[in-house]
Amino acid sequence: MAMAIRRFRHLPSLLYRSSFAMIRGLPQAPAGCPALPLDGCRQCVPQMLLTRQLATKKAKGKGQTQARVNISAALVEDIINLEETSEDMQAVVEALKEDFSRNLSVRTSPGVLDHIIVVTKDGKFPLNQLGQISQKSPQLLIVNMTNFPESTAAATKAIRESGMNLNPEVDGTIIRVPIPKVTREHRESLAKLAKQSTNKSKEALRKVRSKSVNQVKKFKNKVSEDTIWLLEKQIQQMADSAAAEMDKLLAAKTKELLG
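Note that the coordinates shown come from a computational prediction; the quantities given were computed from them, not determined experimentally. (Residues numbered from 1 in each chain as written. Predicted model: local features only at pLDDT ≥ 70, side-chain atom pairs only at ≥ 80, totals over all residues. Heavy atoms only, no water.)

Student: What should I look at first to understand the overall build of the chain in this one?
Tutor: Scanning the chain from terminus to terminus reveals 7 helices and 6 strands. For the chain, the succession of helices and strands along the chain, N to C, is α-α-α-β-β-α-β-β-α-β-β-α-α. Within the span of the chain, comprising 259 residues, buried residues form 31% of the whole. Here the analysis covers contacts within the chain between residues at least 6 apart in sequence; of these, 59% occur between residues at least 24 apart. When the accessible area of the chain is evaluated, it comes to approximately 16900 Å², of which 53% is carbon and sulfur surface. (Helix = DSSP H or I, 4+ residues; strand = E, 2+ residues; numbered from the N terminus. Buried < 20%, exposed > 50% of the residue type's maximum accessible area, 1.4 Å probe, protein only. Contact = heavy atoms within 4.5 Å. Areas by Shrake-Rupley, 256 points an atom, 1.4 Å probe, with all protein chains shown as cover.)

Student: Mind showing me how you'd approach the pattern of salt bridges here?
Tutor: Side chains that differ in charge, positive against negative, can pair when their charged atoms come close. Summed over the entire model, instances satisfying the criterion amount to 7 salt bridges. A salt bridge links E94 to K97; the shortest N-O distance between them is 3.3 Å. Separated by 3 residues within a single helix, E94 and K97 lie in helix α3 (residues 82-103), roughly one turn from each other. Looking at E94, the relative accessible area reads 37%, which means it is partly exposed. On the basis of relative accessible area, K97 is assigned to the partly exposed category, the value being 32%. D247 serves as the salt-bridge partner of K202, at 2.6 Å between the closest nitrogen and oxygen. Note that K202 is positioned in helix α6 (residues 184-217) and D247 in helix α7 (residues 225-258), a separation of 45 residues in sequence. (Salt bridge = Lys/Arg side-chain N within 4 Å of Asp/Glu carboxyl O.)

Student: Before we go on, may I ask you to explain the side chain of K253 in this structure?
Tutor: Positionally, K253 belongs in helix α7. In this structure the side chain of K253 is engaged in a polar contact, spanning 3.5 Å, whose partner is the backbone oxygen of F100. Beyond its immediate stretch of four places on either side in the chain, K253 contacts F100, L104 and A194. (Polar contact = N/O pair within 3.5 Å; in protein donor to acceptor, adjacent residues only side chain to side chain.)

Student: Is there a simple way to explain the packing of α3 against α7 in this structure?
Tutor: Angle between the axes and distance between the axes: these two values describe a pair of packed helices. The interhelical angle for the contact between α3 and α7, taken along N-to-C directions, is 10°, at an axis separation of 10 Å. Between α3 and α7, the interaxial angle falls into the category roughly parallel. Relative to α7, the crossing made by α3 is right-handed. Counted together, L82, T85, S86, M89, Q90, V92, V93, L96, K97 and F100 of α3 and L231, Q234, I235, M238, A239, A242, E245, M246, L249, L250 and K253 of α7 form the full contact between these two elements. Classifying every residue of the contact of α3 with α7 by side-chain character gives 14 nonpolar, 4 polar and 3 charged. (Axes fitted to C-alpha atoms, helices over the stretch in contact; angles between N-to-C directions. Parallel < 35°, antiparallel > 145°, perpendicular 65-115°, else oblique. Left-handed = near helix turned anticlockwise from the far one by under 90°. Nonpolar A, V, L, I, M, F, W, Y, C, P; charged D, E, K, R; others polar.)

Here's what the structure looks like:
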């Protein structure tokens, strides 16, 4: 009986320490927050719990599967616009798709010359805004520069330097563009250009990532280290996802070109 009484005496102290531990685990309410002191800041709790849960992933060993970070854009909108970052990265991917479609095909059509950029004294213009492009035969495209004869030389140079392995021939204001036969060598050349285009796109992607990470680092003295780490991690994952999509595009294009 005496032993039971002695144990009972320690119960209030144990309950107090347990309650204090639970309260200490909650974030403190910021100045002006109407939350009750024992409740913590209800608006801050979800963000802190997310931070603590995901921050434990930093301790994982190399080679182990890392959980994907998925921070709500609304929680960090004062630091960085994650949706805008995602859109900028996806724009790089879409530009690569468009480049593959327009410039790296074994099929011949007048459209392959449309968006070659011509540098003139009045500025830069797509070829189809300066000349009328038509297909005379499967192996010959014609560019009629009658409307802008002064730009004929610049258009010829742009076609020759387009990276499409074209050697235009000029006859007055008419530019004849022989289309190379689809030989194995030509296919391999196109596949090499596809690789180069992908590398350039990945460089553009890295610039978007670096710009976003630098934006986040500006707040390192205003937010927690965990928050900075989580944002950098999410930005890197977004970049990795875009790069993986580019690799898939390159693999598909290479297969299409080489057969």
